[in-house]
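# Fold and contact review
In case you want the letters, here they are:
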Amino acid sequence: MSYTEEVYERVVAQNPGEPEFHQAVKEVLDSLKVVIDKNEEKYRSLSVLERLVEPERIISFRVPWVDDNGKVQVNKGYRVQFNSAIGPYKGGLRFHPTVNQSILKFLGFEQVFKNSLTGLPIGGGKGGSNFDPKGKSDREVMAFCQSFMTELCKYIGADTDVPAGDIGVGGREIGYLFGQYKRVRDLYEGVLTGKGLTYGGSLIRTEATGYGVVYILNELMKDHNDSLDGKTVVVTGSGNVAIYAVQKATQLGAKVVAMCDSNGYIHDPNGINLDIVKDIKEVKRGRIKEYADRVEGATYTEGVGIWNIKCDVYLPCATQNELDLDGVKTLIANGCKYIVEGANMPTTREATDYAMANGVLFLPGKASNAGGVATSALEMSQNSQRLSWTSEEVDAKLHQIMVDIYAKISDAAKRYDMPDNFVVGANIAGFEKVVDAMMAQGIV
Ligand code: NDP
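Computed from a predicted model, the values in this text were never measured in an experiment. (Residues numbered from 1 in each chain as written. Predicted model: local features only at pLDDT ≥ 70, side-chain atom pairs only at ≥ 80, totals over all residues. Heavy atoms only, no water.)

The next thing to look at is the sheet that holds strand β9 (residues 299-302). The sheet built from seven strands is open, its strands ordered β9-β8-β7-β6-β10-β11-β12 with mixed pairing. Since the sheet does not close on itself, it has two edges, and those belong to β9 and β12 (361-363), each with one partner. When the angles between neighbouring strand axes are averaged without regard to direction, this sheet yields 15°. Looking at chain direction, strand β8 (residues 264-267) and β9 are connected through four bridges and run antiparallel. Opposite Ile266, over in β9, you have Tyr300 as the bridge partner. (Pairing = 2+ DSSP bridges. Helix = DSSP H or I, 4+ residues; strand = E, 2+ residues; numbered from the N terminus. Axes fitted to C-alpha atoms, helices over the stretch in contact; angles between N-to-C directions.)

Below, the structure is given as structure tokens:
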């Protein structure tokens with residue numbers, strides 16, 4: 001059995017009941033086989049892969065808080081500090097009822113490679129809670145965030161571990177979390193990113209993930225003598241990543257015709273009116289369904305199936321494993337040529353393999369959604385310098401980072417004779433830097 005297969009089996013045996021973590025590890029180890037095979041003895045004797053797949057630390061804690069009826073609620077809180085070889089742990093916090101240790105380990109593991117690809121000095125981590133902010137009052141969200149941070153603040157810091165937002169954690173939650181950290185630790189420091197502009201946030205951080213997805217898509221298209229101009233695009237989700245992917249794709253001449261949330265999807269053949277989506281989602285915290293009531297010619301369909309809408313480019317920006325084999329077959333049969341992941345692992349392994357085997361140019365999330373964490377790292381730089389850069393400066397840096405990521409993953413794929421296999425390219429390019437740093441730092 002090869003070293004990568006052995007380590008995968010060990011992960012499955014030692015981490016029972018964690019399917020998402022197994023899935024993420026398998027994808028990475030399969031890609032790394034060509035690299036490991038070249039130097040197997042050395043990697044084996046240093047147990048490089050065993051160390052790579054084991055988080056440095058997992059913190060799990062109780063989060064008690066009081067709801068509006070005076071009842072005490074209890075949630076689970078976590079922080080997975082996965083790998084600090086190239087910098088302080090960095091990665092978002094997710095508040096969603098589905099959050100468990102498997103999901104956070106998969107996200108933390110992916111984050112290690114993603115952060116490496118940005119070229120910036122940030123290690124990988126992820127955290128969150130099974131708390132559901134949906135339908136809660138502002139006071140309840142604040143009570144939860146304060147309790148969560150009262151415990152988490154013992155383990156994080158501007159030079160140790162710097163969380164950010166993710167699903168269910170936006171500007172409001174980051175504000176409450178930052179306020180509590182400052183109060184308990186008595187430190188005004190850049191311990192979180194995605195902060196508001198009046199207290200250390202960076203311009204363009206809100207837009208960064210979605211913009212970055214489209215910047216790297218644009219590089220991919222240029223490299224294949226194509227452009228976004230006039231293309232039909234479907235974007236899944238209607239949260240932070242989705243909204244700003246739609247904005248940038250539209251600015252670059254594409255027509256985005258569909259978006260969704262976890263209840264259903266809207267189709268607007270005339271092109272999505274983003275001001276209305278923003279009003280529904282960002283201002284009123286409503287459901288995407290309302291779009292069809294407000295825009296003539298738009299329709300709403302309850303349930304899954306957004307992939308039935310014909311498009312040239314599909315940008316899954318909602319959640320893990322949202323696009324399966326049937327979905328991808330339908331997309332391809334309808335002429336889809338590009339799939340670029342805005343979410344983390346939104347495409348199942350079978351769907352990814354099928355897409356790549358059938359001529360789709362596919363960019364994996366760890367490369368294509370890295371603009372968010374990259375801009376978080378730019379926020380950390382600004383906090384350390386006690387300076388704020390203009391939106392033009394931040395946007396230019398973000399754009400250059402995405403251009404560089406495309407070059408790195410394309411180069412790694414070519415070096416291993418798999419041109420246009422950006423899954424392998426991203427895993428290898430991310431791995432090379434982390435493993436070099438790990439080996440230089442000894443047995444830690
Ligand atoms: P948000 O919470 O802002 O938005 C998530 C969106 O996805 C919502 O519209 C939500 O709908 C929808 N959604 C969730 N589950 C499903 C489902 N099963 N089917 C259809 N739609 C669903 O999160 P973000 O936009 O921040 O994050 C989206 C993805 O991008 C996640 O995978 C995240 O890890 C990843 N990501 C985010 C980054 C960031 O900077 N924010 C950075 C890098 C990656 P509903 O309201 O119904 O739940």
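This next bit is on the sheet that holds strand β5 (residues 161-164). Whenever strands of a sheet pair, they do so through backbone hydrogen bonds, lying parallel or antiparallel. As summarised here, the arrangement of the five strands in space is β1-β2-β4-β3-β5, forming an open sheet in which the pairing is mixed. Each of the sheet's edge strands pairs with one partner strand only, and the pair in question is β1 (57-66) and β5. Here the strands of the sheet are splayed against their neighbours by 20° on average, with no regard to which way each runs. With five bridges joining them, strand β3 (residues 89-95) and strand β4 (residues 123-129) adopt parallel strand pairing. Paired with Phe95 across the two strands is Ser129, which belongs to β4.

Quick look at the domain arrangement of the protein chain now. You can read the domains of the protein chain as domain 1 (3-52), domain 2 (57-190) and domain 3 (206-368). Of the residues lining the interface, seven residues belong to domain 1; the matching set on domain 3 comes to six residues. Taken together, both faces of the contact between domain 1 and domain 3 bury some 500 Å²; the carbon and sulfur share is 47%. Run the count over domain 1 and domain 3 and you get two salt bridges. Across the salt bridge formed by Arg349 and Asp30, the nearest N and O atoms sit 3.0 Å from each other. On inspection of domain 1 and its partner domain 3, the count reaches three residue pairs in polar contact (both at pLDDT 80 or more). By residue class, the composition of the side of domain 1 that touches domain 3 is two nonpolar, one polar and four charged. (Domains from an automatic or database assignment. Contact = heavy atoms within 4.5 Å. Buried area = accessible area lost by both parts, 1.4 Å probe. Salt bridge = Lys/Arg side-chain N within 4 Å of Asp/Glu carboxyl O. Polar contact = N/O pair within 3.5 Å; in protein donor to acceptor, adjacent residues only side chain to side chain. Nonpolar A, V, L, I, M, F, W, Y, C, P; charged D, E, K, R; others polar.)

Let us now look at the site of the ligand. Around the ligand sit 23 residues in total, of which Asp166, Thr209, Ser262, Arg287 and Asn344 are the nearest. Here Gly168 contributes a backbone N or O atom positioned 3.2 Å from an oxygen atom of the ligand. A distance of 3.4 Å separates an oxygen atom of the ligand from a polar atom in the backbone of Gly239. Protein coverage of the free-state accessible area of the ligand, which is 890 Å², stands at 84%. Secondary structure elements with two or more residues in the shell around the ligand: α8 (205-223) and α9 (240-251). Residues that form the shell around the ligand fall into these classes: five nonpolar, 11 polar and seven charged. Summarising the domain contributions, the shell around the ligand has at least three residues from each of domain 2 (57-190) and domain 3 (206-368). (Near = heavy atom within 4 Å. Areas by Shrake-Rupley, 256 points an atom, 1.4 Å probe, with all protein chains shown as cover.)

Attention now moves to a nonpolar patch on the surface. There is a patch of nonpolar side chains on the surface, built from Val66, Val72 and Val74 and spanning about 250 Å² of accessible area. Among the secondary structure elements, Val74 is positioned in strand β2 (residues 72-83). Residue classification places Val74 among the exposed residues on the basis of a relative accessible area of 55%. (Patch = residues over 30% accessible without salt bridge, like charges linked within 9 Å, V, L, I, M, F, W, Y side chains within 5 Å. Buried < 20%, exposed > 50% of the residue type's maximum accessible area, 1.4 Å probe, protein only.)

Okay, the pairing of β8 next. When strand β7 (residues 255-260) meets β8, the two strands line up antiparallel, connected through three bridges. The residue of β8 that forms the bridge with Cys260 is Tyr265. The loop that links β7 with its antiparallel partner β8 comprises three residues.

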